[in-house]
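# Examination of the molecular architecture
Here is what each chain is made of, one letter per residue.
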Amino acid sequence: MANEPTITITGNLTHDPELRFTTSGLPVASFTIASTPRYRDSATGEWKDGDTWFVRCSAWRDLGQNIAESLSRGSAVVAAGRLRPRTYEATPGDPTTKRTVVELTVDDIGPSLRRATAKVVKTSRERPNEGTSFGAPSPSQGDPWATAGSTSASAPAGNAGGFSDDPPF
């Protein structure tokens with residue numbers, strides 16, 4: 001969507017990312033980043049911690065799978081994404097318990113290298129039903145760029161784990 005607020009946040013994961021799949025098999029990782037601002041107290045000259053901000057996050061498809069495989073509780077991260085509101089009923093069926101939360105749909109994330117090192121390993125995923133890596137066409141495919149068009153699965157009724165089958169983009 002256009003005009004969505006985008007942010008970059010630094011912090012630590014509060015728990016291991018949880019990887020789930022929608023009813024159509026689309027992977028989505030859910031996790032929380034805790035971000036605590038630090039400031040210098042001009043009166044004492046010491047650094048102090050501000051209030052911690054807990055940001056619920058979701059990441060879809062390969063990004064979600066990579067997060068679940070690579071990051072764990074306590075990992076220092078830098079995440080960039082789009083803020084999105086989500087409304088739900090705290091007590092199902094009771095509209096008086098309607099709540100709205102703001103969540104971050106992560107577009108990119110990586111380990112913070114401020115206090116750690118990381119070795120980057122490029123992933124190679126298999127294409128469904130083809131047995132070849134992404135970006136490497138099978139000999140029977142010919143030129144993958146020769147045809148325009150895309151396929152999209154229709155969303156079945158219901159969802160798994162509270163996520164719709166269509167990612168929010």
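Cut-offs and rules
- Residues numbered from 1 in each chain as written.
- Predicted model: local features only at pLDDT ≥ 70, side-chain atom pairs only at ≥ 80, totals over all residues.
- Heavy atoms only, no water.
- UniProt positions renumbered as here; feature names shortened; annotations may be inferred.
- Pairing = 2+ DSSP bridges.
- Helix = DSSP H or I, 4+ residues; strand = E, 2+ residues; numbered from the N terminus.
- Contact = heavy atoms within 4.5 Å.
- Salt bridge = Lys/Arg side-chain N within 4 Å of Asp/Glu carboxyl O.
- Buried < 20%, exposed > 50% of the residue type's maximum accessible area, 1.4 Å probe, protein only.
- pLDDT = per-residue confidence, 0-100.
- Core = buried A, V, L, I, M, F, W, Y, C linked by side-chain atoms within 4.5 Å.
- Polar contact = N/O pair within 3.5 Å; in protein donor to acceptor, adjacent residues only side chain to side chain.

- Looking at an unreviewed UniProt entry, one finds the protein named Single-stranded DNA-binding protein, with Actinomadura chokoriensis as its source organism.
- Its UniProt record gives the protein a comment under Subunit (unreviewed entry), which states: "Homotetramer."

## Some points on the pairing of strand E7 (residues 76–89)
- Of the pairings in the sheet, the one linking strand E1 (residues 6–13) to E7 comprises seven bridges and is antiparallel in character. When the bridges of E7 are listed, Gly 11 appears paired with Val 77.
- Bridge count for E7 against strand E8 (residues 98–111) is 13 bridges, and the pairing is antiparallel. Across the sheet, residue Arg 84 finds its bridge partner in E8, namely Glu 103.

## Some details on unusual backbone geometry
- In this structure, Arg 61 takes a positive phi of about 60 degrees despite not being glycine.
- You can see Arg 61 is positioned in helix H1 (residues 61–70).

## Points about the side chain of Ser 112
- Relative to the helices and strands, Ser 112 resides in the segment after E8.
- The residues touching Ser 112, leaving out its near neighbours within four places in the chain, are Ala 76, Val 77 and Val 78.

## A look at the pattern of salt bridges
- Counting across every chain of the model gives seven salt bridges.
- Taking the shortest distance from any N to any O, the salt bridge between Asp 49 and Arg 38 comes out at 2.9 Å. Of this pair, Asp 49 sits in strand E5 (residues 47–49) while Arg 38 sits in strand E4 (residues 38–40), and the two are eleven residues apart along the sequence.
- The exposure class of Asp 49 is partly exposed, given its relative accessible area of 48%.
- Here the salt bridges share partners, and the residues they tie into one network are Glu 4, Arg 82, Arg 84 and Asp 107.

## As for the pairing of E1
- By the bridge criterion, two bridges tie E1 to strand E3 (residues 27–35) in an arrangement that is antiparallel. In the sheet register, Asn 12 faces E3, and the bridge partner there is Ala 34.

## A short note on the confidence of the model for the protein
- Averaged over every residue, the pLDDT of the protein is 81; the share at 70 or more is 72%.
- Scored below 50 in pLDDT, residues 132–141 shows 19 contacts in the model against residues more than four places distant or in partner chains.

## Notes on the nonpolar core
- Among the nonpolar cores identified, the biggest contains 15 residues, and Phe 31, Ile 33, Cys 57, Leu 104, Val 106 and Ile 109 are the most heavily contacted of them.
- The set of elements that each furnish at least two residues to this core consists of E1, E3, strand E6 (53–60), E7 and E8.
- Once residues within four sequence positions are removed from consideration, Ile 109 is found in contact with Phe 31, Leu 63, Ile 67, Leu 71, Val 77, Val 78 and Ala 79.

## Comments concerning the environment of Lys 98
- Relative to the helices and strands, Lys 98 is located in strand E8.
- Lys 98 gets classed as exposed once you look at its relative accessible area, which sits at 59%.
- Considered as a pair, Lys 98 and Tyr 88 are ten residues apart in the sequence and their alpha carbons are 5.7 Å apart.
- If we ignore the near neighbours within four places in the chain, the residues touching Lys 98 are Thr 87, Tyr 88 and Glu 89.

## So, the side chain of Glu 4
- Relative to the elements of secondary structure, Glu 4 occurs in the segment before E1.
- Residue Glu 4 is classed as buried on the basis of its relative accessible area of 15%.
- Within the structure, Glu 4 has its side chain in polar contact with the side chain of Arg 82 (distance 3.4 Å).
- Beyond its immediate chain neighbours, meaning those up to four positions away, Glu 4 contacts Arg 82 and Arg 84.

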